[in-house]
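As a plain string of letters, each chain reads:
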There are 2 protein chains.
Amino acid sequence: MKTSDEKIYLSEKDIPRSWYNVAADLPFELAPPMNPATKKPLDPKDLEPIFPKSLIRQELSRERWIDIPDEIREIYKIWRPSPLKRAVRLEKALKTPARIYYKDESLSPPGSHKANTAIAQVYYNKKEGVNRICTETGAGQWGSALSHACSIFGLKCTVYMVKVSFEQKPHRKSLMHIWGAEVFASPSEHTRVGREILKKHPHTPGSLGIAISEAVEDAATHDDAKYSLGSVLNHVLLHQSVIGLETKKQLKMIGEKPDVLVGCVGGGSNFAGLVFPFVKDKLKGAKIDFVAVEPTACPTMTAGPFCYDYGDTAKLTPLLKMYTLGHSFIPPGIHAGGLRYHGCAPLVSALIDKKIIRPVSVSQTGIFSSAILFAKAEGHLPAPETAHAIHAGIQEALVAREQKKAKCIVINYSGHGHFDLTAYDNYLSGNLKDFHYPKEMIEEALKELKGLGV
Amino acid sequence: MKTSDEKIYLSEKDIPRSWYNVAADLPFELAPPMNPATKKPLDPKDLEPIFPKSLIRQELSRERWIDIPDEIREIYKIWRPSPLKRAVRLEKALKTPARIYYKDESLSPPGSHKANTAIAQVYYNKKEGVNRICTETGAGQWGSALSHACSIFGLKCTVYMVKVSFEQKPHRKSLMHIWGAEVFASPSEHTRVGREILKKHPHTPGSLGIAISEAVEDAATHDDAKYSLGSVLNHVLLHQSVIGLETKKQLKMIGEKPDVLVGCVGGGSNFAGLVFPFVKDKLKGAKIDFVAVEPTACPTMTAGPFCYDYGDTAKLTPLLKMYTLGHSFIPPGIHAGGLRYHGCAPLVSALIDKKIIRPVSVSQTGIFSSAILFAKAEGHLPAPETAHAIHAGIQEALVAREQKKAKCIVINYSGHGHFDLTAYDNYLSGNLKDFHYPKEMIEEALKELKGLGV
């Protein structure tokens, strides 16, 4: 089947039947997660207080394909398979010979790729008798995705939302309420960790690190509750592989082979979702450039070392080998809240270390100017996170113009910007600042890593 | 082709090649628009200061099919054909034997059906050399659709936005800015009418009537500018016929015949867009119930008389024969801003008068409870306007359950609610009031109609 349509749809029977696990195909060993107390490789049992067993098995699995249960595929049908769209008007505006495609993950109910793993995680939690799931959220992308998934499967959902976002970005909080979640401003009075921080710093704006600690404590101290994370971990990246698997089928349908795949990286899950199903092709010799895009304000992949670090500020999580700016690094308050993470998924990090993935960093004003160009040409308004991928994709299309090469560029359109209009207002009124490589801050934060002893 | 998918897609070649004009198929005469000065049928020339000639021709046309230019079909491809979706999870939640479908018009860049006519109107204006288009907007659905269309075709766009919305609902204003429009809080200092009102009432919150007067004055007093309206008029309803034409093809593809078609009515254009292509079938004997849904707070179709009235408060527009609450009627401040219009499209009104369309009115708290049920079952969050149609559709599905009839119900999902979360917050916190049939207000407003002399 071949189509000349600019929106490439698949049928619902084309929703993948298995997730793809890139770990099965890597020609090198992955560094194991370490127990933070013993500094020895983690025992799966260590994770059982906070995760259901089926997700722990997925986290450590080396199986290439893992079946997607029918119940999950049924829910995926709400927005999957997602369309691959050709950005014909953007190509014209750029006068590029490149063909630009974007995989539209913004059509899920919460408006981003996060729904792909939220549905899966809640399903497995429900199957193992969990009644309530706790999580943290910054700007609210992940919190709203998990709330939606809990609403679908009838589980309770508790979200610790970074206080400054809770107060300043009320709309994703409203979404969570609509889907029935309880949302606390973090730090809160509901956990020991929250109360202690409030006692010392009653006016703190909160942080993702604090919110993670509260959600983990809540889950670990209640028998019927578990914890859920929206990125970084292997099982989260696994669930996102539906993005790349569908994209591969769609490109084949129209006779395309990709030259460049682009995604933004916060924890790394949407990027991995698009790219991992193509890694084997590259290992076998296909010339594909995998471009991982981060903000200059939080240059984890382009300025951090590749070493063991904690996933959270409070040092509660296992130690993971990854690119990191140090668990105490606090990035400036840029508008792409989803990209303000000090670390990067171990699987993505390992592939950067092996030069299979190419990281780049881009500035905040640059990504908004590209986002507005995209919104004028293609109509749709990207989330600031997604705008990082669009910006880098546009750069690639301009390089192709210089080189007079008709490259095929695929961008992961990870989410829409309907709840981010304050950020656009700031940009249009000239109030946005660029933050570049804050060297001293990073050096300060990295010092701590040296004492970890792994 | 038959599909068991719950999302029914068409190919881009299925985007209609002609708009359907229901006026060609009506077995009765339509009352003509009247010149407000002479009280005699309008001369098309009277409209030339504010509309381009091609749109005036469409307004008065009795041709059944009017070609859609290729340039417009190219832009429609951004989001058309729009999917028809089966609401399988809502059906389950309602335990109804009915099959519920919704036509998803929320996928356009501005997020509603308004884009269908905005693109067409701007195209014809550009073709006739217009440089700038002026319009009014309440909550901003129409203003953002016109801004997007002007951005696509490179025209300037001036939007007079009702002051209270300008201040309290900033996000659709941000969208307009992103697409390059200039947006004034109305009443403004930019028009004579605005200045006069500000002198008398410096603290007025503004109204749609005032904003229309400002936009019309701006267009009429500048040679390079024209005016544009987002609903009510025949040519606007014509452009919306793509909705029903596609729906018809989609239903046929899956072997369905509709028993009930439901849409919300403010000016009437999204409702007409879905329903009009099915009117001929009903005239020939098909049993289809056309349900037009309005708020009890502005019960134009269910409580107003069918008579001549002005389209705006300032009496600048031609007189139209329609269901109306009187041009001085000011509806309460409900959250479905798009349904707070005193009148109703003459074509829709005539079909109500002939009992071909059945109007119903529903309460504000009812529509939000249905919207949340929908968001939990189907994931997607409807605009408060759209929630009126969903609420009535749900009522029909419950009737079908009582009757044990497997009815086919089709709802027009006219727009998403991503910019309406404050309204949902109000509902969830119990702060929403219901307004029912404000009899005295309506009687007061209707008095003026008696003196019109038509």
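Fair warning: this is a prediction, and the values are worked out from it, not measured in the lab. Positions within a chain are numbered from 1, following the residues in the order the chain's sequence is written. Chain A is the first chain written and ligand 1 is the first ligand written, with later ones labelled in order. Selection of residues for local features in this predicted model requires a pLDDT of at least 70, selection of side-chain atom pairs for listing and counting requires 80 or more, and totals for whole chains, interfaces and linings are taken over all residues. Based on all heavy atoms of the structure, the side-chain values leave hydrogens and waters out of the count.

A count of helical and extended segments in chain A gives 17 helices and 15 strands. With C-alpha atoms as the basis for the radius of gyration, the globule rule is written as 2.2 Å multiplied by the number of residues raised to the power 0.38. Its C-alpha atoms give chain A a radius of gyration of 21 Å, near enough to 22 Å, the size a compact globule of 454 residues would have. By principal-axis analysis of the C-alpha atoms, chain A measures approximately 60 × 50 × 45 Å. The buried share of chain A, reckoned over its 454 residues, is 67%. Residues are treated as being in contact if the distance between any of their heavy atoms lies within 4.5 Å. Put simply, 77% of the contacts in chain A that link residues at least 6 apart link residues at least 24 apart. Every accessible area reported is derived by Shrake-Rupley at a probe size of 1.4 Å, with residue values counting cover from the shown protein chains alone. Just so you have it, chain A exposes about 16700 Å², and 52% of that area is on carbon and sulfur atoms. In summary, the charge assignment counts Lys and Arg as positive and Asp and Glu as negative, without counting His or the chain termini. By convention, the charge on Lys lies at NZ, on Arg at CZ, on Asp at CG and on Glu at CD. Across chain A, the centroid of the 58 positively charged side chains sits 5 Å from that of the 49 negatively charged ones. Helix and strand labels come from DSSP, where a helix needs a run of H or I of at least four residues and a strand needs a run of E of at least two; each type is numbered from the N terminus. For each residue, the accessible area found with a 1.4 Å probe, counting protein chains only, is set against the maximum for its type, and the residue is called buried under 20%, exposed over 50%, and partly exposed in between.

All names here are of chain A. Domain extents, as shown, originate in an automatic or database domain assignment. Split by domain assignment, chain A resolves into domain 1 (7-15 + 70-111 + 234-452) and domain 2 (131-223). The C-alpha centroid of domain 2 is placed 25 Å from the C-alpha centroid of domain 1. Tallying the contact residues gives 15 residues for domain 1 and 15 residues for domain 2. Buried surface area refers to the total accessible area, computed with a probe of radius 1.4 Å, that the two partners give up upon joining, counted for both partners together. Surface buried jointly by domain 1 and domain 2 totals about 1300 Å² across both partners, of which 68% is contributed by carbon and sulfur atoms. It is Ile75, Pro110 and Phe419 that lose the most area in domain 1 upon contact with domain 2, and together they represent 38% of the buried surface on that side.

What follows covers the nonpolar core. Residue and element names in this part refer to chain A. Buried Ala, Val, Leu, Ile, Met, Phe, Trp, Tyr and Cys residues form a nonpolar core when they are joined through side-chain atoms within 4.5 Å. Among the nonpolar cores identified, the biggest contains 64 residues, and Tyr227, Phe276, Phe290, Val348 and Ile357 are the most heavily contacted of them. Counting residues per element, this core draws most heavily on helix H11 (residues 269-283), at 7 residues. Taken domain by domain, this core gets at least three of its residues from each of domain 1 (7-15 + 70-111 + 234-452) and domain 2 (131-223). Excluding residues within four positions of it along the chain, phenylalanine 276 makes contact with Tyr20, Val22, Leu237, Leu347, Val348, Leu351 and Ile357. One finds Leu90, Ile334, Val362 and Ala400 within the second-largest nonpolar core, a separate group that totals 43 residues.

The subject of this paragraph is the pairing of strand S8 (residues 182-186) of chain A. Residue and element names in this part refer to chain A. Summarising burial for S8: 4 of the 5 residues are buried, a large majority. Two strands pair when backbone bridges link them, and strand S7 (residues 156-162) and S8 are joined in this way by 5 bridges, in the parallel orientation. Looking at the pairing, valine 162 lines up with serine 186 of S8. Strand pairing follows a simple DSSP-based rule, namely that at least 2 bridges must link the two strands.

All names here are of chain A. Structurally, serine 106 can be placed in the loop between strand S5 (99-104) and helix H4 (114-127). Residue classification places serine 106 among the buried positions, given a relative accessible area of 9%. Setting aside residues no more than four positions away along its own chain, serine 106 makes contact with Gly111, Ser112, Tyr413, Ser414, Gly415 and His416.

This part is about the relation of the copies chain B and chain A. With an RMSD of 0.0 Å, the operation that places chain B on chain A is a rotation of 180° combined with a shift of 0.0 Å along the axis. Those values place the two copies in the arrangement expected of a two-fold rotation axis. Every residue of chain B has its C-alpha some distance from the rotation axis, and the shortest such distance is that of histidine 418 of chain B, at 3.2 Å. Looking at chain B, 100% of its interface residues are interface residues in chain A too, so the copies touch through the same face. Here the copies are matched by least squares. The fit uses the C-alpha atoms of residues with pLDDT of at least 70 in both.

The next thing to look at is the sheet that holds strand S10 (residues 260-264) of chain A. Residues and elements named next belong to chain A. The 7 strands are arranged S1-S4-S5-S15-S10-S11-S14 in an open sheet whose pairing can be described as mixed. Since the sheet does not close on itself, it has two edges, and those belong to strand S1 (7-8) and strand S14 (358-362), each with one partner. Two elements, S10 and strand S15 (residues 408-413), share 3 bridges in a ladder whose sense is parallel. Across the sheet, residue leucine 261 finds its bridge partner in S15, namely valine 410. The strands touched by helix H10 (residues 234-253) within the sheet are S1, strand S4 (84-86), S5 and S15, with S5 carrying the most contacts at an inclination of about 140°. Of the strands in this sheet, S5, S10, strand S11 (289-295), S14 and S15 touch helix H15 (residues 384-403), which is tilted by about 170° from S15. The axes used here are C-alpha line fits, helices contributing only the stretch in contact, and every angle between their N-to-C directions lies in the interval 0 to 180 degrees.

This next bit is on the interface of chain B and chain A. Each partner contributes to the interface: chain B provides 44 residues, whereas chain A provides 44 residues. Contact between chain B and chain A buries roughly 3600 Å² in total, counting both sides, with carbon and sulfur atoms accounting for 56%. Pairs of N or O atoms within 3.5 Å make up the polar contacts considered here, provided that, within protein, one atom can donate a hydrogen while the other can accept it, and that residues adjacent in sequence are counted only when both atoms are side-chain atoms. Scanning the region where chain B abuts chain A turns up 19 residue pairs in polar contact (both at pLDDT 80 or more). Counting only elements with at least two residues in the side of chain B that touches chain A, the list comes to helix H2 (70-76), helix H5 (141-153), helix H7 (170-178), helix H14 (364-378) and helix H16 (421-428) of chain B. For this classification, Asp, Glu, Lys and Arg are treated as charged, while Ala, Val, Leu, Ile, Met, Phe, Trp, Tyr, Cys and Pro are nonpolar and the rest, including Gly, are polar. Taken together, the residues of the side of chain B that touches chain A break down into 19 nonpolar, 13 polar and 12 charged.

Let us now look at the packing of helix H14 (residues 364-378) of chain A against helix H16 (residues 421-428) of chain A. Residue and element names in this part refer to chain A. It is at 11 Å that the axes of H14 and H16 come closest, and there the two elements cross at 105°. When the axis of H14 is compared with that of H16, the two are roughly perpendicular. Packed against H14, whose contacting residues are Thr365, Phe368, Ser369, Ala371 and Ile372, the element H16 presents Ala423, Tyr424, Tyr427 and Leu428 at the interface. Considering only residue class, the contact of H14 with H16 consists of 7 nonpolar, 2 polar and no charged. Geometric relationships in this document are graded by angle, where less than 35 degrees denotes roughly parallel, more than 145 denotes roughly antiparallel, 65 to 115 denotes roughly perpendicular, and other angles denote oblique.

Looking now at unusual backbone geometry. The peptide bond linking arginine 80 of chain B to proline 81 of chain B adopts the cis configuration, its omega dihedral lying at -10°. The topology assignment puts proline 81 of chain B in the loop between H2 and strand S4 (84-86). With an omega of 5°, the peptide bond between serine 186 of chain B and proline 187 of chain B qualifies as cis. Relative to the assigned elements, proline 187 of chain B resides in the loop between strand S8 (182-186) and helix H8 (192-200). For valine 232 of chain A, which is not a glycine, the phi torsion comes out positive at approximately 70°. On the secondary structure map, valine 232 of chain A appears in the loop between strand S9 (225-227) and H10.

What follows is about the pattern of salt bridges. All names here are of chain A. The salt bridge definition used is simple: a Lys or Arg side-chain nitrogen within 4 Å of an Asp or Glu carboxyl oxygen. With the rule as written, the count across this model stands at 36 salt bridges over all chains. Measuring nitrogen to oxygen at the nearest pair gives 2.7 Å for the salt bridge that ties arginine 80 to glutamate 105. With a gap of 25 residues between them, arginine 80 in the loop between helix H2 (70-76) and S4 and glutamate 105 in the loop between S5 and H4 connect regions that are remote in the sequence. Like glutamate 105, arginine 80 is buried. Bridged by salt links that share partners, the residues Arg80, Lys103, Glu105 and Glu246 form one connected network.

Okay, the environment of tyrosine 123 of chain B next. Residues and elements named next belong to chain B. Structurally, tyrosine 123 can be placed in helix H4 (residues 114-127). Tyrosine 123 gets classed as buried once you look at its relative accessible area, which sits at 8%. Measuring from C-alpha to C-alpha, the distance between tyrosine 123 and alanine 149 comes to 8.3 Å, with 26 residues separating the pair along the chain. When near neighbours in sequence (up to four residues on either side) are disregarded, tyrosine 123 contacts Pro69, Glu71, Ile72 and Phe153.

Two joining distances apply to patches: 9 Å for like charges and 5 Å for nonpolar side chains (Val, Leu, Ile, Met, Phe, Trp, Tyr), and every residue must have over 30% relative accessible area and no salt bridge. A contiguous patch of positive charge, built from Lys45, Lys53, Arg57 and Lys127 of chain B, is present on the exposed surface. Here lysine 127 of chain B lies in helix H4.

UniProt positions are given in the numbering used here, feature names are shortened, and annotations may be inferred rather than shown by experiment. In the numbering adopted here, UniProt assigns the feature "modified residue: N6-(pyridoxal phosphate)lysine" (unreviewed entry) to Lys114 of chain A. Mapped onto the elements of the fold, lysine 114 of chain A is located in helix H4.

Below, the discussion takes up helix H13 (residues 346-353) of chain A. Residue and element names in this part refer to chain A. Most of H13 is tucked away, with 7 of its 8 residues classed as buried. Among the residues of H13, Pro346, Leu347, Val348, Ser349, Ala350, Leu351 and Ile352 are the ones counted as buried. On its buried side, H13 packs onto H10, H11, helix H12 (300-303), strand S12 (306-310), strand S13 (319-323) and S14. Where H13 terminates, the next one or two residues include lysine 355, which has phi positive at roughly 65°.

It is worth spelling out the confidence of the model for chain A at this point. If pLDDT is low for a region, its predicted coordinates should not be looked at in detail. pLDDT: the predictor's confidence for each residue, scored from 0 to 100. With 99% of its residues at a pLDDT of 70 or more, chain A has an overall mean of 93. Note on the complex model: pTM 0.95, ipTM 0.94.

Let us now look at the state of the cysteines. Residue and element names in this part refer to chain A. Throughout, disulfides are identified as pairs of cysteine sulfur atoms within 2.5 Å of each other. In the structure shown here, the tally under the stated rule is 0 disulfides over all chains. Considering cysteine sulfurs only, cysteine 157 is the nearest to cysteine 134, which forms no disulfide, with 8.2 Å between them. By relative accessible area, which is 0% here, cysteine 134 ends up buried. The thiol of cysteine 408 is not disulfide-bonded; the next cysteine sulfur, from cysteine 264, is found 19 Å away. For cysteine 408, a relative accessible area of 0% gives the class buried.

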